[in-house]
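Structural features, examined
Each chain, letter by letter, is given below.
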Amino acid sequence: MSNTQNQKCKGKHFTWSKPMSHMLLEILAEKALKGNKPFFTFGAESFVKVATEISQKFNVQCEPKYVDNHLKTVKKEWGIITKLKNKSGFGWDDCLKMITVSKDVYNEDVKV
């Protein structure tokens, strides 16, 4: 097993780097634009393609099930971001790619 694989695979967990996540989203967005996303979901062949391309580009052993699981995580995180962005007093900094909030709103709504 190469050093790259050791860094990305810890036990039975696959660790996604930002470039890997970006590649996953680019491939799936391309498939969706081509109409390869029937019934609002991606088929197994989409996950196989992503896993194959990530494995080759990053010299890791990415499996289709890792792609499926990571997509679920991304969707969940995006749901949280969208919910916060739409709350009064919250915003989005596109340069930093993060939620923004005023100190007053943070102290009242977020801080425990």
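Report follows, based on the coordinates.

With that settled, consider the overall build of the chain. When you go through the chain residue by residue, the secondary structure sums to five helices and four strands. Its helices and strands in sequence order give the chain the pattern α-β-β-α-α-α-β-β-α, from N to C terminus. Per-residue burial over the chain gives 24% buried out of 112 residues. Summed over all atoms, the accessible surface of the chain reaches about 8,300 Å², with 56% contributed by carbon and sulfur.

Looking now at the packing of helix α3 (residues 44-58) against helix α4 (residues 64-85). Between α3 and α4, whose axes approach to 8 Å, the crossing angle comes to 105°. Put simply, α3 runs roughly perpendicular to α4. Here α3 contributes F47, V48, V50 and A51 to the contact with α4, which in turn contributes P64, V67, D68 and L71. For the contact of α3 with α4, the class distribution of residues is seven nonpolar, no polar and one charged.

Attention shifts here to the environment of M20. Among the secondary structure elements, M20 is positioned in helix α2 (residues 18-33). A relative accessible area of 0% means that M20 is categorised as buried. Spatially, the C-alpha atom of M20 lies 9.9 Å from that of A51, the residues being 31 residues apart in sequence.

This part takes up the nonpolar core. In terms of nonpolar packing, the biggest core is built from 17 residues, with W16, L24, I54, C62 and V67 touching the most fellow members. Those elements that provide at least two residues to this core are α2, α3 and α4.

What follows covers unusual backbone geometry. With a phi angle near 55°, N59 is a residue other than glycine that sits in the positive phi range. With respect to the helices and strands, N59 occurs in the loop between α3 and α4. In this model, K97 sits at a positive phi of 55°, which is unusual for a non-glycine residue. Relative to the elements of secondary structure, K97 occurs in the loop between β3 (90-93) and β4 (98-101). Judged by its relative accessible area of 52%, K97 falls in the exposed class.

On to α4, then. Across its 22 residues, α4 extends 31 Å between first and last C-alpha, which sits within 8% of the 32 Å expected from 1.5 Å per residue. Those residues of α4 lying buried are V67, H70 and L71. Across the axial projection of α4, the buried residues extend over an arc of 105°, all falling on one side. For α4, exposure combined with an orientation more than 90 degrees from the buried face picks out K65, K72, K76 and K83. Where the residues of α4 are buried, they touch α2 and α3.

Attention now goes to the pattern of salt bridges. Taken as a whole, this structure holds four salt bridges when the rule is applied. Notably, a salt bridge pairs K72 with D68, separated by 3.7 Å at the nearest N-O pair. Here K72 pairs with D68, and both are found in helix α4, just four residues apart, close to one helical turn.

Cut-offs applied
- Residues numbered from 1 in each chain as written.
- Predicted model: local features only at pLDDT ≥ 70, side-chain atom pairs only at ≥ 80, totals over all residues.
- Heavy atoms only, no water.
- Helix = DSSP H or I, 4+ residues; strand = E, 2+ residues; numbered from the N terminus.
- Buried < 20%, exposed > 50% of the residue type's maximum accessible area, 1.4 Å probe, protein only.
- Areas by Shrake-Rupley, 256 points an atom, 1.4 Å probe, with all protein chains shown as cover.
- Axes fitted to C-alpha atoms, helices over the stretch in contact; angles between N-to-C directions.
- Parallel < 35°, antiparallel > 145°, perpendicular 65-115°, else oblique.
- Contact = heavy atoms within 4.5 Å.
- Nonpolar A, V, L, I, M, F, W, Y, C, P; charged D, E, K, R; others polar.
- Core = buried A, V, L, I, M, F, W, Y, C linked by side-chain atoms within 4.5 Å.
- Expected span 1.5 Å × (residues − 1).
- Arc of directions from axis to C-beta.
- Salt bridge = Lys/Arg side-chain N within 4 Å of Asp/Glu carboxyl O.

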